[in-house]
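# Structure assessment
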Amino acid sequence: MELIEAKRKLEARYNKQNEYNRQKYDRVSVMFPAGYRDKVREIAKSEGKSLNAYILEAVQEKSKIIE
């Protein structure tokens, strides 16, 4: 497989994934005080969760959203 062909296939796959994400998810930016993100990430990791999953769970618990 040529390098250019491989690059095109990879780009097409990224584009498809990005389009899926745009359709299925809303993006939210959160700003933490310096160093706080790493602390929360470690807590999430200790519970076997990603930072995103941990934050989403916390928001769901606080707002009583169940999905």
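As shown above, the structure is provided for reference.
First, a word on scope: everything that follows refers to the structure included in this document. Since the model is a prediction, treat every value here as computed from it, not as a measurement. (Residues numbered from 1 in each chain as written. Predicted model: local features only at pLDDT ≥ 70, side-chain atom pairs only at ≥ 80, totals over all residues. Heavy atoms only, no water.)

We now examine the overall build of the protein chain. When helices and strands are tallied, the protein chain shows three helices and zero strands. Walking the protein chain from its N terminus toward its C terminus, one meets helices and strands in the order α-α-α. Its C-alpha radius of gyration of 17 Å places the protein chain more than 25% over the 11 Å reference for a compact globule of 67 residues. C-alpha atoms of the protein chain, sized along the principal axes, occupy 50 × 25 × 25 Å. Counting only residues that meet the buried cut, the protein chain has 4% of its 67 residues in that class. Working note: accessible area of the protein chain is about 6,800 Å², and carbon and sulfur atoms make up 54% of it. (Helix = DSSP H or I, 4+ residues; strand = E, 2+ residues; numbered from the N terminus. Rg over C-alpha atoms; globule rule 2.2 N^0.38 Å. Buried < 20%, exposed > 50% of the residue type's maximum accessible area, 1.4 Å probe, protein only. Areas by Shrake-Rupley, 256 points an atom, 1.4 Å probe, with all protein chains shown as cover.)

Applying the stated criterion to the full structure yields one aromatic pair. Plain terms: the ring middles of Phe 32 and Tyr 36 are 5.2 Å apart, the flat faces sit at 45° to each other, and that makes the pair tilted. A relative accessible area of 41% means that Tyr 36 is categorised as partly exposed. (Phe/Tyr/Trp six-rings, centres within 6.5 Å; stacked < 30°, edge-to-face > 60°.)

The next thing to look at is the layout of surface pockets. Estimated volume of the largest pocket: approximately 840 Å³. Lining the largest pocket are 20 residues, and of these Asp 26, Arg 27, Val 28, Asn 52 and Leu 56 lie nearest its centre. Among the elements of the structure, α1 (3-24) and α3 (51-63) are those that each provide at least two residues to the lining of the largest pocket. Counting residues per element, the lining of the largest pocket draws most heavily on α3, at six residues. Grouping the constituent residues of the lining of the largest pocket by class yields 10 nonpolar, five polar and five charged. (1 Å grid on protein atoms, 1.4 Å probe; cavity = no way out; pocket = protein on both sides within 12 Å on 5 of 7 lines; lining within 4 Å. Points joined across faces, edges and corners; volume = space filled by probe spheres on them. Nonpolar A, V, L, I, M, F, W, Y, C, P; charged D, E, K, R; others polar.)

A separate point is the pattern of salt bridges. If you walk through the whole model with that rule in mind, you get six salt bridges. Measuring nitrogen to oxygen at the nearest pair gives 3.7 Å for the salt bridge that ties Asp 38 to Arg 37. Between Glu 47 and Lys 49 there is a salt bridge, and its shortest N-O distance comes to 3.6 Å. One salt-bridge network, held together by shared partners, links Arg 37, Asp 38 and Arg 41. (Salt bridge = Lys/Arg side-chain N within 4 Å of Asp/Glu carboxyl O.)

With that settled, consider α3. Here α3 contains 13 residues, and its C-alpha end-to-end distance of 18 Å stays within 8% of the 18 Å for a straight helix at 1.5 Å per residue. In the stretch just after α3, Lys 64 is the one whose phi turns positive, near 60°. (Expected span 1.5 Å × (residues − 1).)

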